[in-house]
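Chain by chain, the residues:
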Amino acid sequence: MDSTRQLDRSDRIGMYMSVVMVAIGAVIAVVAAVARLLEVGDGRDVPVLVPLAGEEAALPLGPDGAAVTAAVDTATVTVAEPAPATLFALYAQPVWIAVVVVAGLVVAALFFLRLARGRAFDGGAARLAFIAAAIVTVGWLGDSILTNMTTNGALSAVSDYTYESMTFEVSLAPALAVLVIAAIGAALQVGEKLQRDTEGLV
């Protein structure tokens, strides 16, 4: 018995448009990675965005450009000659992000194609969701490690290892994304089981 449920034409067009948007997103990710690699260039005078904690600076924000003391959370510093480990992270981070984003978008495209063909609850849809959750998890951990390598290395380089502020920042947004995607995978898995049970009764 063919268990596929065909969507109507407008829904199928919407799914295929989603695939097109995914492809555009992949191109943007690759372009962003190339732009950052060009920015890193030959590894000299590399701009790096670094987090700061409890720092203040006088900024020309007052009347006629008068200096105003403001708290500074982040700053872009230029690293003249990054250490080898820092330079590795500077090159690796944009490549890693591009690979992870493209991999996640490929999984999303496959999922949208399944929906367009009316196969949301056929075997494999839940597996795609779990693969996507794994990609986000691995990408998140790798990006966190590389980001902290670059920021700590940059701060050490510009301060000649005298700035005592080792940071390890981790965003919780990817963790929430993993939970949501995993929940979708679990729901699809239940849907697949219910569909198999229903077909067994026919």
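Bear in mind the structure is a predicted one, so any value in this text is a computation, not a measurement.

With that settled, consider the packing of aromatic side chains. The relative placement of two aromatic rings is captured by the distance of their centres and the angle of their planes. Counted under the stated rule, the structure contains one aromatic pair. Here Phe 111 and Phe 112 contribute two aromatic rings whose centre-to-centre distance is 6.5 Å and whose plane-to-plane angle is 55°, an arrangement assigned as tilted.

Turning next to the side chain of Thr 86. Relative to the assigned elements, Thr 86 resides in helix H2 (residues 84-116). Beyond its immediate chain neighbours, meaning those up to four positions away, Thr 86 contacts Met 149, Thr 150, Gly 153 and Ala 154.

A cluster of nonpolar residues, Ile 13, Met 17, Val 20, Met 21, Ile 24 and Ile 28, forms a patch on the protein surface that exposes about 560 Å² of accessible area. One can find Ile 13 in helix H1 (residues 9-40).

In this section: the pattern of salt bridges. All chains considered together, the criterion is met by two salt bridges. Ionic pairing is found between Glu 39 and Arg 36, a salt bridge with its closest N-O pair at 2.6 Å. Placement of both Glu 39 and Arg 36 in helix H1 is noted, with a separation of three residues, approximately one turn of the helix. Residues Glu 81 and Arg 44 are paired through a salt bridge, measuring 2.9 Å at the closest nitrogen-oxygen approach. Of the two residues, Glu 81 sits in the loop between strand S2 (68-79) and H2 while Arg 44 sits in the loop between H1 and strand S1 (46-59), which places them 37 residues apart along the sequence. Given the relative accessible area of 58%, Glu 81 is considered exposed.

Positive phi values are uncommon outside glycine, yet Asp 45 reaches one of about 50°. One non-glycine residue, Asp 64, lies in the positive phi region at around 55°. Here Asp 64 lies in the loop between S1 and S2. With a relative accessible area of 85%, Asp 64 lands in the exposed category.

Attention now moves to the environment of Arg 114. The topology assignment puts Arg 114 in helix H2. Separated by 11 residues in sequence, Arg 114 and Ala 125 place their C-alpha atoms 7.5 Å apart.

Right, let's get into the packing of H2 against helix H3 (residues 125-158). Look at H2 against H3: their axes get within 9 Å of each other, and the N-to-C directions meet at 165°. Relative to H3, the element H2 lies roughly antiparallel. Here H2 and H3 pass one another in a crossing that is left-handed. Grouping the constituent residues of the contact of H2 with H3 by class yields 21 nonpolar, eight polar and two charged.

Of all residues in the chain, 87% have pLDDT values of 70 or greater, and the mean over the chain is 85. Confidence, read as mean pLDDT per element, is least for helix H4 (residues 173-201) in the chain (77) and greatest for H2 (92).

If you look at the biggest cluster of nonpolar residues, it comprises 11 residues: Val 40, Val 46, Val 48, Val 50, Leu 52, Val 72, Val 77, Val 79, Leu 90, Ala 154 and Leu 155. Those elements that provide at least two residues to this core are S1, S2 and H3. If one sorts the elements of this core by residue count, S1 sits on top with four residues. Once you skip the residues sitting within four places of it in the chain, Leu 52 turns out to touch Val 72, Asp 73, Thr 74, Ala 75, Leu 155 and Tyr 163. The next biggest cluster of nonpolar side chains, apart from the first, holds five residues, and it includes Val 100, Val 107, Ala 132 and Ile 135.

What counts and how
Residues numbered from 1 in each chain as written. Predicted model: local features only at pLDDT ≥ 70, side-chain atom pairs only at ≥ 80, totals over all residues. Heavy atoms only, no water. Phe/Tyr/Trp six-rings, centres within 6.5 Å; stacked < 30°, edge-to-face > 60°. Helix = DSSP H or I, 4+ residues; strand = E, 2+ residues; numbered from the N terminus. Contact = heavy atoms within 4.5 Å. Patch = residues over 30% accessible without salt bridge, like charges linked within 9 Å, V, L, I, M, F, W, Y side chains within 5 Å. Areas by Shrake-Rupley, 256 points an atom, 1.4 Å probe, with all protein chains shown as cover. Salt bridge = Lys/Arg side-chain N within 4 Å of Asp/Glu carboxyl O. Buried < 20%, exposed > 50% of the residue type's maximum accessible area, 1.4 Å probe, protein only. Axes fitted to C-alpha atoms, helices over the stretch in contact; angles between N-to-C directions. Parallel < 35°, antiparallel > 145°, perpendicular 65-115°, else oblique. Left-handed = near helix turned anticlockwise from the far one by under 90°. Nonpolar A, V, L, I, M, F, W, Y, C, P; charged D, E, K, R; others polar. pLDDT = per-residue confidence, 0-100. Core = buried A, V, L, I, M, F, W, Y, C linked by side-chain atoms within 4.5 Å.

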